[in-house]
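As a plain string of letters, each chain reads:
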Amino acid sequence: MLTLNGYAVLDAFFSLLRLSAGLAMVGLGFVALRQYRVAATAEQRQAVDARFYLLFLLALVLLVLSLASWPLLYLLLDSLVARTPSAMCIYGVTRLGEGSEGPARFLPGLIALLQATKPALVFLAGAWLVLHKLNQRTPSGNLAPRVVGLMLVLALTAVVDASAEIAYVVTPKQEQMASTGCCTAALNDSPSRFIPLGSIGADYRQPLSTAYYLVHLGLAAALAPVALVKRRQPLRLLGPLLVLAVISAVVAWLFFVEIAAPKLLQLPYHRCPYDLFAQVPETIVAAGLFAAATFAVGWAALAGWLANTVEARPFLGQEVRNLLWLALLGYLGSVSMMSLELALVS
């Protein structure tokens, strides 16, 4: 039996739009990429631009649809909580189908895939927009093949994401939950599923809190001089900054699950990020700022790698600094909001 409601219909409609745009972009993108590779002069590249203006419009449409599809997925999952026996929150819905011998056994895998492709889509769409902006400033548009190549990666990811989402919506939702269908039971069967307690010790909360603030303040301290001082060369530091951003993402996730969720929910053993975002909506803003900051560092690193050409080099440093400035604001805003929320419940 299909579990259809208004969110499921809306999600399927958006997924079909995303799939159509992605498939069209794949076809046009491969043709455009071949023509860009044989275009030797600026005039020839401009002629290709004119012929494939639809490709640019499709990429913009896909960017908007990708941004909308991320929260829409969780609205759909939230709407299924009441229809899923023994599921107390979204986490229970993500486990729907475990133990089933029918088509529902694919549901957990589809959700896991979607939760990976959603942020990947947003990141790729933003990276394409940054690279396209840089290409527009070059005299001959010599970055066009790389822009189209990135666009193809975006389109292929969108096709995979939309196909998986349509498959999830149309797959019958058999109510065969795992024995730990509740997020509380599954997430709390040990003090932490992520932290090696043997090396940290039983009381890991204080070291984790310290690591959270040290990593983020250290990252902000590293970003500030690069983003604010024009004489500093940002391209040389993009690799270390990207590594720090990845480390901060891991530490922030652990902090959200192990420290923020139990304290803000006022349930000492409840480590469910889904409940945290649902019951304390302000944390969505903090998480959004953090995600935007991490993406900005990634976009800056990708721009420094793909756009480091003779024509783009004169303004590439400033564009990278602008992205790192946004990242700095995002990290400081996220840490400030989380600190304020935690202080209010102390």
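Residues numbered from 1 in each chain as written. Predicted model: local features only at pLDDT ≥ 70, side-chain atom pairs only at ≥ 80, totals over all residues. Heavy atoms only, no water.

**Observations regarding the overall build of the protein**
(1) Moving on: Looking only at helices and strands, one finds 13 helices and zero strands in the protein.
(2) Moving on: Element order for the protein, N to C, with α for helix and β for strand: α-α-α-α-α-α-α-α-α-α-α-α-α.
(3) Moving on: Counting over 346 residues, the protein shows a buried share of 50%.
(4) Moving on: Sequence separation of 24 or more characterises 79% of the internal contacts of the protein that already satisfy a separation of 6 or more.
(5) Moving on: Accessible surface for the protein amounts to roughly 16100 Å². Of this, 68% is attributable to carbon and sulfur atoms. (Helix = DSSP H or I, 4+ residues; strand = E, 2+ residues; numbered from the N terminus. Buried < 20%, exposed > 50% of the residue type's maximum accessible area, 1.4 Å probe, protein only. Contact = heavy atoms within 4.5 Å. Areas by Shrake-Rupley, 256 points an atom, 1.4 Å probe, with all protein chains shown as cover.)

**Some thoughts on helix α10 (residues 238–265)**
(1) Moving on: Along α10, the sharpest change in direction is near 40° and occurs at F256.
(2) Moving on: Of the residues one or two after α10, Q266 is the one with positive phi, at around 60°. (Bend = angle between axes of the 7 residues up to and from the residue.)

**A short note on the nonpolar core**
(1) Moving on: By size, the foremost hydrophobic cluster in this structure holds 78 residues, and its most contacted members are M25, L134, L223, F255, L324, Y331 and M338.
(2) Moving on: If you list the elements that add at least two residues to this core, you get α1 (6–38), α3 (53–79), α5 (107–137), α6 (144–170), α9 (205–228), α10, α12 (282–306) and α13 (313–344).
(3) Moving on: At 13 residues, α10 tops the list of elements feeding residues into this core.
(4) Moving on: The next biggest cluster of nonpolar side chains, apart from the first, holds 22 residues, and it includes V81, I90, A104 and V169. (Core = buried A, V, L, I, M, F, W, Y, C linked by side-chain atoms within 4.5 Å.)

**With respect to a nonpolar patch on the surface**
(1) Moving on: Nonpolar side chains collect at one region of the surface, where Y53, L54, L57, L60 and L129 lie side by side and expose about 440 Å² of accessible area between them.
(2) Moving on: The leading source of residues in the nonpolar patch is α3, at four residues.
(3) Moving on: In this structure L60 comes out as partly exposed when scored by relative accessible area, which is 31%. (Patch = residues over 30% accessible without salt bridge, like charges linked within 9 Å, V, L, I, M, F, W, Y side chains within 5 Å. Salt bridge = Lys/Arg side-chain N within 4 Å of Asp/Glu carboxyl O.)

**Description of the packing of α5 against α13**
(1) Moving on: Two elements in contact, α5 and α13, have axes separated by 11 Å at closest approach and are oriented at 150°. When the axes of α5 and α13 are compared, the pair comes out roughly antiparallel. Of the two possible hands of crossing, α5 and α13 adopt the one that is right-handed. Residue-level inspection shows V130, K133, L134 and R137 of α5 in contact with α13, the latter providing F315, L316, E319 and L323.
(2) Moving on: For the contact of α5 with α13, a count of residues per class yields five nonpolar, no polar and three charged. (Axes fitted to C-alpha atoms, helices over the stretch in contact; angles between N-to-C directions. Parallel < 35°, antiparallel > 145°, perpendicular 65-115°, else oblique. Left-handed = near helix turned anticlockwise from the far one by under 90°. Nonpolar A, V, L, I, M, F, W, Y, C, P; charged D, E, K, R; others polar.)

**A look at the confidence of the model for the protein**
(1) Moving on: When the pLDDT values of the protein are averaged, the result is 83; 86% of them are 70 or greater.
(2) Moving on: For the protein, per-element mean pLDDT is lowest for helix α8 (residues 197–200), which scores 44, and highest for α12, which scores 93.
(3) Moving on: Across residues 177–182, confidence stays below pLDDT 50; counting only partners more than four residues off in sequence or on other chains, it has 16 contacts.
(4) Moving on: Confidence over residues 184–201 falls short of pLDDT 50; this stretch has 33 contacts with residues more than four positions distant or in other chains. (pLDDT = per-residue confidence, 0-100.)

**Section: the side chain of E165**
(1) Moving on: Note on placement: E165 falls in helix α6.
(2) Moving on: Beyond its immediate chain neighbours, meaning those up to four positions away, E165 contacts D11, S15, R18, S69, L73, L114 and K118.

**So, the packing of aromatic side chains**
(1) Moving on: The final tally for this structure, using the stated rule, is 12 aromatic pairs.
(2) Moving on: Relative to W299, the ring of F295 lies with its centre 6.0 Å away and its plane at 45°, an arrangement referred to as tilted. With a gap of four residues between them, F295 and W299 both fall in helix α12, about one helical turn apart. Like F295, the residue W299 is buried in the burial classification. (Phe/Tyr/Trp six-rings, centres within 6.5 Å; stacked < 30°, edge-to-face > 60°.)

**Some details on the environment of V335**
(1) Moving on: Relative to the assigned elements, V335 resides in helix α13.
(2) Moving on: In this structure, the C-alpha to C-alpha distance between V335 and Y213, residues 122 residues apart in sequence, is 7.8 Å.
(3) Moving on: Discounting chain neighbours no more than four positions away, the residues touching V335 are Y212, Y213 and H216.

**Digging into the packing of α12 against α13**
(1) Moving on: Where α12 meets α13, the closest approach of the two axes is 8 Å, and the angle between their N-to-C directions is 160°. Between α12 and α13, the interaxial angle falls into the category roughly antiparallel. Note on packing geometry: the crossing formed by α12 with α13 is left-handed.
(2) Moving on: Residues of the contact of α12 with α13, tallied by class, amount to 18 nonpolar, six polar and two charged.

**Describing the pattern of salt bridges**
(1) Moving on: Tallied over the entire structure, the rule returns six salt bridges.
(2) Moving on: The closest approach of N and O atoms between E165 and R18, which form a salt bridge, is 2.7 Å. Here E165 is found in helix α6, whereas its partner R18 is found in helix α1, with 147 residues between them in sequence.
(3) Moving on: Assessed through its relative accessible area of 0%, R18 is described here as buried.

**Here's the deal with the side chain of S69**
(1) Moving on: Mapped onto the elements, S69 comes out in helix α3.
(2) Moving on: Leaving out residues up to four positions away in the same chain, S69 has contacts with R18, K118 and E165.

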